[in-house]
Amino acid sequence: GESEYQIYFEHFDSTLQKDLTEREQEGAYYTEDEIFSILRNIMSALIYMDKNGIDTGDISLENIVRSGLSYKLFDSMLVNIFAKSLSGSKKQDSQDKKTVTFRKMSQIGNILLQIFNLDAHNKHDKATKISNASERYSKNLVELAQKMLDNATENPEDLISWNKLIEDEFHSISIWILLLI
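Not measured: the values here are computed from a predicted model.

Student: Is there a simple way to think about the side chain of T101 in this case?
Tutor: Mapped onto the elements of the fold, T101 is located in helix α4 (residues 97–117). Given a relative accessible area of 5%, T101 falls into the buried group. If we skip the residues at most four places from it in the chain, T101 touches E157, D158, L159 and W162.

In C-alpha cells, the structure reads:
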C-alpha cells in the first residue's frame, strides 16, 4: 500500500505581520537587539535550507512566525517540498544562486524597513522609510537594510557572506552601544 505521513508543526503564537500591526497600534518600536535577533533567525533558516537545496519562495511578514520570544521562517511551500523529498522526488534547481540571494536579501531589506517604521501594511515609500529609520536606529543598521534593498554589485552574492556582514554589523553596533553606557 501507499505510505502515509503525518506532518506536525510546532505551535506558533503569532506572525511578524500580526506583531508588527499590534506594535503599530501601540506605538512600540522594536529595539536593535530584537531586530538583529529576528535577522539572525531568518538567516540561520535560509542558510540551512540553502545548504539542503531548498528554496523558500518569497519571504514576507506573514511567513515569519513567533514561538515564544523567537521568530522563525515558515512557509507552507516547505510542506510540499518535504512531502516530495519523502516520495523520492528530486530537488528543484531554479534560478541561479546569485539572483535568488539578491531576491531574498531585497525581501528581508523591505521587511526591515517595515519593522523600523511600524509599517505592517507597507504603505510608505522606500525613501520615507529610510529617512524615518535614520532618526530611530543606528547608521549601521539602516545602511545594512539599504544594502539589502540595493542589490549593488559590491554586496555579497551568497547567504554565508550576508550572514557574516549581518553579524559584523551587530557586533560593531553592540560595541558602540557599550561605549555609550
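Continuing now.
Student: Please explain the packing of aromatic side chains as it appears in this structure.
Tutor: Each pair of aromatic rings is reported with the distance of its centres and the angle of its planes. Inspection of the entire model under this criterion finds 2 aromatic pairs. Centre to centre, the rings of F12 and F74 are 5.3 Å apart; their planes meet at 55 degrees, and the pair counts as tilted. Placement of the pair is F12 in the segment before β1 (14–15) and F74 in the loop between β3 (70–73) and α3 (76–86), with a sequence separation of 62 residues. Overall, the relative accessible area of 25% leaves F12 in the partly exposed class. Where F116 meets Y137, the ring centres are 4.9 Å apart and the plane angle is 35 degrees; that geometry is what we call tilted. Of this pair, F116 sits in helix α4 while Y137 sits in the loop between α5 (126–136) and α6 (139–150); the two residues are 21 residues apart in sequence, bridging distant segments of the chain. Relative accessible area serves as the criterion here: at 0%, F116 is assigned to the buried category. One Lys or Arg, R23, reaches over the ring of Y30 and ends 3.7 Å from the middle of that ring.

Student: I would appreciate a short explanation of the packing of helix α2 (residues 32–51) against α6 in the present structure.
Tutor: Packed helices, taken two at a time, are described by the angle between their axes plus the distance between the axes. Taken N-terminus to C-terminus, the directions of α2 and α6 make an angle of 30 degrees; their axes are 12 Å apart at the nearest point. Seen from above, α2 lies across α6 with left-handed handedness. Between α2 and α6, the contacting residues are E32, I35, F36 and L39 on the first element and L141, L144 and M148 on the second. Its residues assigned to classes, the contact of α2 with α6 shows 6 nonpolar, no polar and 1 charged.

Student: I would appreciate a short explanation of the pairing of β3 in the present structure.
Tutor: Every regular strand shows the same layout, with side chains that alternate between the two sheet faces. Only one face of β3 is buried, namely the one carrying Y71 and L73, since none of S70 and K72 on the opposite face is buried. Alignment of strand β2 (residues 64–67) against β3, held across 4 bridges, turns out to be antiparallel. The partner of S67 across the bridge, within β3, is S70. Connecting β2 to the antiparallel partner β3 that follows it, the hairpin turn spans 2 residues, and G68 within it adopts a positive phi of roughly 70 degrees.

Student: Got a minute to help me understand the environment of M105 in this structure?
Tutor: Within the secondary structure, M105 sits in helix α4. In contact with M105, not counting residues within four places along its chain, are M43, L46, M148, L159 and W162.

Student: It is not clear to me how the environment of S60 should be interpreted in this structure. Could you clarify?
Tutor: Within the element layout of this structure, S60 appears in the loop between α2 and β2. You can call S60 partly exposed: its relative accessible area is 22%.

Student: Looking at this model, I keep getting lost on helix α1 (residues 16–26). Mind explaining?
Tutor: Looking at α1, one finds that the buried residues are L16, Q17, D19, L20, T21 and R23. The inward-facing, buried residues of α1 contact β1, α2, β2, β3 and α4. One or two residues past the end of α1 sits G27, with phi positive at roughly 70 degrees.

Basis of the calculations
Residues numbered from 1 in each chain as written. Predicted model: local features only at pLDDT ≥ 70, side-chain atom pairs only at ≥ 80, totals over all residues. Heavy atoms only, no water. Helix = DSSP H or I, 4+ residues; strand = E, 2+ residues; numbered from the N terminus. Buried < 20%, exposed > 50% of the residue type's maximum accessible area, 1.4 Å probe, protein only. Contact = heavy atoms within 4.5 Å. Phe/Tyr/Trp six-rings, centres within 6.5 Å; stacked < 30°, edge-to-face > 60°. Lys NZ or Arg CZ within 6 Å of the ring centre and 35° of its normal. Axes fitted to C-alpha atoms, helices over the stretch in contact; angles between N-to-C directions. Left-handed = near helix turned anticlockwise from the far one by under 90°. Nonpolar A, V, L, I, M, F, W, Y, C, P; charged D, E, K, R; others polar. Pairing = 2+ DSSP bridges.

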